[in-house]
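Below, each chain spelled out in residue letters.
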Amino acid sequence: MKFVSLFTRRAQFFSKSISEVILLQDVEGLGFEGQIVKVQPGYAFNVLIKKHKAVYNFPFMRERIFPDITDEHIEKRIFDANLIKFKKKLEDLTISVIKEPSATNPDLLKTPLSVKDLLPELRKRGKVNPEPAQVKIDQEIISYGKYNVRVENYHDDYYNLRLNFKFRVEVRRAEHKQAESKQPLDLATLTRKKTAPGAAKQEGEGGEKSAQATKKETKKKEKGKKKDKGKKGETQGEEGEEAKEESAE
């Protein structure tokens, strides 16, 4: 019965959609030696287990393999690794600030770069929120370009430490969309506008009506001509009869 129970537990463990493994060594991007992590079953077996980088997290397995490693030890290593990443991010930090050009000289700034221009981007890109007095601009920045700015004695609440770091600022020109110049319309453009789909339809209907009216007028003229010819024929016949009567007398 014990064998069946153990087999059932292991079958249930392997059938999970997520596998828990204990890392036997540090794995970049995943965790540290002795840490319990959750991964996909295929990745757990094919990448970690087969290459002896991890074992499945059976009950009391970590205590048997790593008796000296505790959860506090793992958390300290994670905290230190995140702190190193945070410092590296601040060292590589570059922010962009858009400033209006001067009206007299487009290569100069309308107003010099100030600390207030930098604070919103520092919060957004660097995830830091220093006091204005902690941000040091060593020289007055009045033109476009790239500059170095210092932050001194900054206290980070999460890591509970004070930092001094430099970051780069790229001052860029404000881009304005040029308004499209209104050019006078030529005759061809006006003609195209007049012959829009609605106008073309109306013109087509008007043309059909005028054609029908022309046909009607033509038929009327033809009928009039026929009547005139008939009248002429009648008068000519009467005149011929009169002439015959006169000759007989």
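Residues numbered from 1 in each chain as written. Predicted model: local features only at pLDDT ≥ 70, side-chain atom pairs only at ≥ 80, totals over all residues. Heavy atoms only, no water.

Asker: Lay out the packing of aromatic side chains with the relevant residues and their values.
Answerer: According to the stated counting rule, one finds 7 aromatic pairs in the structure shown. Relative to Phe165, the ring of Tyr154 has its centre 6.4 Å away and its plane inclined at 85°; by these criteria the two rings are edge-to-face. On the criterion of sequence distance, the pair formed by Tyr154 in strand 6 (residues 145–156) and Phe165 in strand 7 (residues 161–173) is long-range, its members being 11 residues apart. The same class applies to Tyr154 as to Phe165, namely buried. Here the aromatic cluster, defined as three or more aromatic residues joined through ring pairs, consists of Phe79, Phe86, Tyr158 and Tyr159. (Phe/Tyr/Trp six-rings, centres within 6.5 Å; stacked < 30°, edge-to-face > 60°. Helix = DSSP H or I, 4+ residues; strand = E, 2+ residues; numbered from the N terminus. Buried < 20%, exposed > 50% of the residue type's maximum accessible area, 1.4 Å probe, protein only.)

Asker: Outline the side chain of Gln134, supporting the account with residue identities and numerical values.
Answerer: Take Gln134: it is sitting in the loop between helix 5 (115–126) and strand 5 (135–136). Assessed through its relative accessible area of 17%, Gln134 is described here as buried. Other than its neighbours up to four places away in sequence, Gln134 contacts Arg150, Val151, Glu152, Asn153 and Tyr154. (Contact = heavy atoms within 4.5 Å.)

Asker: I'd like a rundown of a positive patch on the surface, residues and numbers included.
Answerer: On the surface, a cluster of positive charge is contributed by Lys89, Lys124, Arg125 and Lys127. Mapped onto the elements, Arg125 comes out in helix 5. Using a relative accessible area of 44% as the deciding quantity, one classes Arg125 as partly exposed. (Patch = residues over 30% accessible without salt bridge, like charges linked within 9 Å, V, L, I, M, F, W, Y side chains within 5 Å. Areas by Shrake-Rupley, 256 points an atom, 1.4 Å probe, with all protein chains shown as cover. Salt bridge = Lys/Arg side-chain N within 4 Å of Asp/Glu carboxyl O. Lys, Arg positive; Asp, Glu negative; His and termini not counted. Charge placed at Lys NZ, Arg CZ, Asp CG, Glu CD.)

Asker: How would you sum up the sheet that holds strand 2 (residues 36–39)? Please name residues and give values.
Answerer: Pairing in this open sheet of 3 strands is antiparallel, and the strands run 2-1-3 from one edge to the other. Two strands lie at the open edges of the sheet, namely strand 2 and strand 3 (54–56), each paired on one side alone. Neighbour to neighbour, the strand axes of the sheet diverge by 40° on average, direction disregarded. (Pairing = 2+ DSSP bridges. Axes fitted to C-alpha atoms, helices over the stretch in contact; angles between N-to-C directions.)

Asker: Which residues make up helix 4 (residues 71–91), and what values go with them?
Answerer: A rise of 1.5 Å per residue sets the reference length of helix 4, with its 21 residues, at 30 Å; its end C-alpha atoms lie 31 Å apart and thus fit the reference within 8%. The set of residues buried in helix 4 consists of Ile74, Leu83, Phe86 and Leu90. Among the structural elements, helix 3 (61–65), helix 5, strand 6 and strand 7 are those in contact with the buried residues of helix 4. (Expected span 1.5 Å × (residues − 1).)

Asker: Let's hear about the sheet that holds strand 7: which residues, and what values?
Answerer: The strand order across the open sheet formed by 4 strands is 4-7-6-5, and the pairing between neighbours is mixed. The sheet is open, and its two borders are formed by strand 4 (94–99) and strand 5, each paired with just one other strand. As paired strands, strand 4 and strand 7 are joined by 6 bridges and run parallel to one another. For Lys99, the partnering residue across the bridge sits in strand 7 and is Arg173. Strands in contact with helix 4 are strand 6 and strand 7; relative to strand 7, the strand with the most contacts, it is inclined by about 35°. Helix-sheet contacts for helix 5 involve strand 4, strand 5, strand 6 and strand 7, and the interaxial angle to strand 4 is about 140°.

Asker: Residue-level account of the pairing of strand 1 (residues 19–23), with values.
Answerer: The buried count for strand 1 comes to 4 of 5 residues, which makes it a mostly enclosed element. Here strand 1 pairs with strand 2 via 4 bridges, running antiparallel. Bridge pairing links Ser19 to Val39 in strand 2. As paired strands, strand 1 and strand 3 are joined by 3 bridges and run antiparallel to one another.

Asker: I'd love a proper account of the pattern of salt bridges, names of residues and values included.
Answerer: All chains considered together, the criterion is met by 9 salt bridges. Note that Arg173 is salt-bridged to Asp107, the shortest N-O span being 3.9 Å. With Arg173 in strand 7 and Asp107 in the loop between strand 4 and helix 5, this residue pair connects regions lying 66 residues apart in the sequence. Relative accessible area serves as the criterion here: at 38%, Arg173 is assigned to the partly exposed category. We note a salt bridge from Arg150 to Glu152, for which the minimum N-O separation is 2.1 Å. When its relative accessible area of 23% is taken as the criterion, Arg150 is described as partly exposed. Judged by its relative accessible area of 32%, Glu152 falls in the partly exposed class.

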